[in-house]
Amino acid sequence: MILEINQISKQYKGNVRALQDINLQLKPGIIGLLGPNGAGKSTLMRILATILQPTTGTVIWNGIDIRRNPDELRRTLGYLPQDFGVYPHLNAIEFLEYAAALKGLGGRLMKARILELLELLNLHHDRKRPLGGFSGGMRQRIGIAQALLNDPKLLIIDEPTVGLDPEERMRLRNLLTDLSGDRIILFSTHIISDIEAVSDQIAIITKGRLLTKADPALLLRKVQGRVWSVTIPDQEIQEARMRWTISGTVRREDGLQLRIVSDNPPLPHAIAVPPSLEDAYLYVRAFQEGA
Ligand SMILES: Nc1ncnc2c1ncn2[C@@H]1O[C@H](COP(=O)(O)OP(=O)(O)OP(=O)(O)O)[C@@H](O)[C@H]1O
Ligand SMILES: [Mg+2]
């Protein structure tokens, strides 16, 4: 099972270049798509979900060009769009039955599947409640449930953790881990802690370009020995922000303690500290963007 993304570019009307020459090969596992607002994450996902055509480039699903034959992929696709909307008057079961019907799924097996999914997503107690009264987290879970109706081999979820409280975030991460296996799961976020625990691979995009795709350990190695701690007087912070890539600040009695990502010690008394994925992300962005 393989999804090959070859030289994908997307230009929207008005000359917006949302994606430029994206090349990626996705295999079973969890791939976190990380990037700031406007990076092109949703655009890429919509192209992979066959609801948007790229300007140039091809997407090949198990050897089949999805432009020529989108049905092969659609059959086994689960997709949760970023702007997922629900019908407020339907209850959870009715909504999932409706979503199943749209996908051409139905029958007794599907009824059983819906109950199974409601259980899996911890919504079984709320299965008869109208969705209009659901919290943001519950709506996200309904969104994930509809994406799982056909037991997809390719699961694309766009910003699933937005609006979730810490406990729900954790539950979602566990769910993704449970769902992985013989499946490609691509999910996007701009929150690093969401993906560092669960992703087998992390793809970083900014300004429509893929900066890197690597496993988290490799990303950390990239920045090993390049993260420093220095303490500066409060009033020097402006200047420091212009000079260095700062991944964190902590106020202390003797000034501001900065975490700086830099190839060389930013100051003679800088102390090397163990890197985090946050540092790696900033490093990749600061030193590869525009390169
Ligand atoms: N339908 C559209 N028409 C024109 N421009 C668009 C359209 N959709 C997205 N864009 C632009 O394309 C770029 C990429 O947008 P996209 O939504 O893919 O980014 P994103 O990484 O998903 O951002 P976010 O984190 O905010 O969801 C942005 O500059 C955006 O303004
Ligand atoms: Mg988006």
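Residues numbered from 1 in each chain as written. Chains lettered and ligands numbered in written order. Predicted model: local features only at pLDDT ≥ 70, side-chain atom pairs only at ≥ 80, totals over all residues. Heavy atoms only, no water.

A. Fine view of the coordination of the magnesium ion (ligand 2). In the first shell of the magnesium ion (ligand 2), the protein supplies Ser-42 (OG) and Gln-82 (OE1), at 2.0 to 2.1 Å from the metal. Note that Ser-42 is positioned in helix α1 (residues 41–48) and Gln-82 in the loop between β6 (77–80) and α3 (92–102), a separation of 40 residues in sequence. (Donors = N, O, S within 2.8 Å, 3.2 Å for Na, K, Ca; no water. Helix = DSSP H or I, 4+ residues; strand = E, 2+ residues; numbered from the N terminus.)

B. Local environment of the side chain of Asn-91. Looking at where Asn-91 falls in the secondary structure, it is placed in the loop between β6 and α3. Here Ile-93 takes part through its backbone nitrogen, which lies 3.0 Å from a polar atom of the side chain of Asn-91. (Polar contact = N/O pair within 3.5 Å; in protein donor to acceptor, adjacent residues only side chain to side chain.)

C. Just the pairing of strand β9 (residues 201–206), in detail. In terms of residue burial, β9 counts as a mostly covered element, since five of its six residues are buried. Sheet topology note: the strand β3 (residues 29–34)/β9 ladder contains four bridges and is parallel. Within β9, the residue paired with Leu-33 across the bridge is Ala-203. Here five bridges tie β9 to strand β10 (residues 209–214), and the two strands are oriented antiparallel to one another. Of the residues in β10, the one forming a bridge with Ile-205 is Leu-210. (Buried < 20%, exposed > 50% of the residue type's maximum accessible area, 1.4 Å probe, protein only. Pairing = 2+ DSSP bridges.)

D. Structural view of the site of ligand 1. Among the 13 residues in the neighbourhood of ligand 1, the closest are listed as Gly-38, Gly-40, Lys-41, Ser-42 and Thr-43. Between an oxygen atom of ligand 1 and a main-chain N or O atom of Ala-39, the distance comes to 3.1 Å. A distance of 2.9 Å separates an oxygen atom of ligand 1 from a polar atom in the backbone of Gly-40. Across the complex, the protein chains shield 65% of the 630 Å² of accessible surface that ligand 1 would expose by itself. Taken together, the elements giving at least two residues each to the shell around ligand 1 come down to β2 (16–26) and α1. Of the residues assigned to the shell around ligand 1, the class counts are five nonpolar, six polar and two charged. (Near = heavy atom within 4 Å. Areas by Shrake-Rupley, 256 points an atom, 1.4 Å probe, with all protein chains shown as cover. Nonpolar A, V, L, I, M, F, W, Y, C, P; charged D, E, K, R; others polar.)

E. Highlighting the sheet that holds β2. On the basis of which strands lie adjacent, the open sheet formed by four strands has the order β2-β1-β4-β5 and antiparallel pairing. Two strands bound the open sheet, and with one partner strand each, they are β2 and β5 (64–65). Examined bridge by bridge, strand β4 (residues 56–61) and β5 share two bridges and lie antiparallel to one another. When the bridges of β5 are listed, Ile-60 appears paired with Asp-65. Helix-sheet contacts for α1 involve β1 (3–12), β2 and β4, and the interaxial angle to β1 is about 120°. (Contact = heavy atoms within 4.5 Å. Axes fitted to C-alpha atoms, helices over the stretch in contact; angles between N-to-C directions.)

F. Summary view of the sheet that holds strand β13 (residues 255–261). Taking strand neighbours across the sheet as the criterion, the four strands line up as β12-β13-β11-β14 in an open arrangement whose pairing is antiparallel. Edge positions in the sheet fall to β12 (245–252) and β14 (271–272), since each has one partner strand and no second. Pairing between strand β11 (residues 227–232) and β13: six bridges, direction antiparallel. Residue Val-230 lies in a different strand from β13, and its bridge partner there is Leu-258.

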